[in-house]
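# Secondary and tertiary structure notes
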Amino acid sequence: MITQSAEQFPLIRPSVQIAMSQDEFNACRAFIYDRTGIYFQDNKKYLLEGRLGKRVQALNLHNFTQYLNLLKNGAARDEMRWFYDTITINETFFFRNEPQFNALEEKLIPEILSKKGNGRNKLRVWSSASSSGEEAHTIGMIYLEKLKPKYPGLEIEIVGTDINASVVETARSGVYREYSVRNMPKHYLTKYFTQSDGRYVVRDDVRRLVRFENMNLFDKQRMRAMSSFDIVFCCNVLIYFDTKSKIQVVSQLYDSLNRGGYLFVGYAESLHGLSTAFELVNFPKTVAYKKG
Ligand SMILES: C[S@@+](CC[C@H](N)C(=O)[O-])C[C@H]1O[C@@H](n2cnc3c(N)ncnc32)[C@H](O)[C@@H]1O
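Residues numbered from 1 in each chain as written. Predicted model: local features only at pLDDT ≥ 70, side-chain atom pairs only at ≥ 80, totals over all residues. Heavy atoms only, no water.

When the parts come together, some accessible area is lost, and that loss is often what is quoted as the size of the interface. Considered domain by domain, the protein is made up of domain 1 (6-87) and domain 2 (98-291). Measuring from the centre of the C-alpha atoms in domain 1 to the corresponding centre in domain 2 gives 31 Å. Opposite the nine residues of domain 1 that make contact, domain 2 presents twelve residues. For the pair domain 1 and domain 2, the summed buried surface comes to about 890 Å²; carbon and sulfur atoms form 44% of the total. Interface area lost by domain 1 to domain 2 is led by Tyr-33, Arg-81 and Asp-85, which between them contribute 44%. (Domains from an automatic or database assignment. Contact = heavy atoms within 4.5 Å. Buried area = accessible area lost by both parts, 1.4 Å probe.)

Let's shift gears to the pairing of strand β9 (residues 278-283). Strand direction decides the pairing type here: β9 and strand β10 (residues 286-291), joined by six bridges, are antiparallel. Residue pairing across strands places Phe-278 opposite Lys-291, the latter belonging to β10. In sequence, β9 turns back onto β10 through a hairpin of two residues, with Lys-285 there showing a positive phi of about 60°. (Pairing = 2+ DSSP bridges. Helix = DSSP H or I, 4+ residues; strand = E, 2+ residues; numbered from the N terminus.)

Here we come to the sheet that holds strand β5 (residues 199-202). Strand order in the open sheet made by the three strands is β3-β5-β4, with antiparallel pairing throughout. Each edge of the sheet is formed by a strand with only one pairing partner; in this case those strands are β3 (175-176) and β4 (193-196). Here β3 pairs with β5 via two bridges, running antiparallel. From the neighbouring strand, Val-175 faces β5, where its bridge partner is Val-201.

The calculated volume of the largest pocket comes to roughly 620 Å³. Along the wall of the largest pocket there are 34 residues; nearest its centre are Ile-38, Ile-89, Asn-236, Val-237 and Tyr-240. Classifying every residue of the lining of the largest pocket gives 17 nonpolar, eleven polar and six charged. Residue-level mapping places the lining of the largest pocket at the junction of two domains, with at least three residues from each of domain 1 (6-87) and domain 2 (98-291). Reported here for the second largest pocket is a volume of approximately 430 Å³. Lining the second largest pocket are 18 residues, and of these Arg-77, Met-80, Arg-81, Tyr-84 and Asn-214 lie nearest its centre. No other element matches helix α4 (residues 77-87), which puts five residues into the lining of the second largest pocket. When its residues are assigned to classes, the lining of the second largest pocket shows seven nonpolar, four polar and seven charged. (1 Å grid on protein atoms, 1.4 Å probe; cavity = no way out; pocket = protein on both sides within 12 Å on 5 of 7 lines; lining within 4 Å. Points joined across faces, edges and corners; volume = space filled by probe spheres on them. Nonpolar A, V, L, I, M, F, W, Y, C, P; charged D, E, K, R; others polar.)

Given below as structure tokens:
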């Protein structure tokens, strides 16, 4: 997980927090919703006030309205990057939802491969809100550890995408803290990581399987270009969206899948009321959504 550090606010160290008026909160939340689908409930005002307030002060601005105007100015592209990095929550860790990875290995992939038929032994997997890459790298390790020995000719392409450019950089570096590996089976930790200065570095043969890109799930054009996936993970991000945004994203994820492909969402998430296009399939301790 990446957190913003004090070094990112170099100009002034804020002493008094700037207050955000209700109108400013409404304007900020509408802007965020429009760009990212993320909806800040009233009880999250303090969060925006605290996180964005530091930036307002660091930029020597007087209030949040000035900051919003800066963001709306098309020339402030670098500031938009900082903005996305600040408003997103990037909590993740390796093997976060183990039953999903068991279902992937034991049920989904054998089924998908049997339907693909001979000679079409390439799988495409998308971790669509990948944060710092733990989910995507977990899939890469499972491929090397469990799938490759069973299906020697099998190739895999794993794509990880996230709106937050800083976490995408961490994902590309493959360097993690203790926190990320805390749920990791010991065997995987010893076999697929090297340890250096208290950091855990993912082995190169895992990293080579995964490509990370900075992408917004609400960028319709880029979403249309994401196609022909066998399995899509969209975990622990729908919770930040309202129903309208969820429906839009789920519909585009449906289009990104091959027929017979599967979508995973987070443990506390469901497609109930969002889509009737998928078939709900039960696996031990988890479910997945199948494109028929
Ligand atoms: C809580 S993390 C989940 C990470 C991982 N999928 C997991 O389950 O462990 C949610 C991620 O969604 C990303 N996110 C939020 N809104 C997004 C959007 N509109 N497009 C792409 N990614 C987004 C955040 O930057 C964050 O890294």
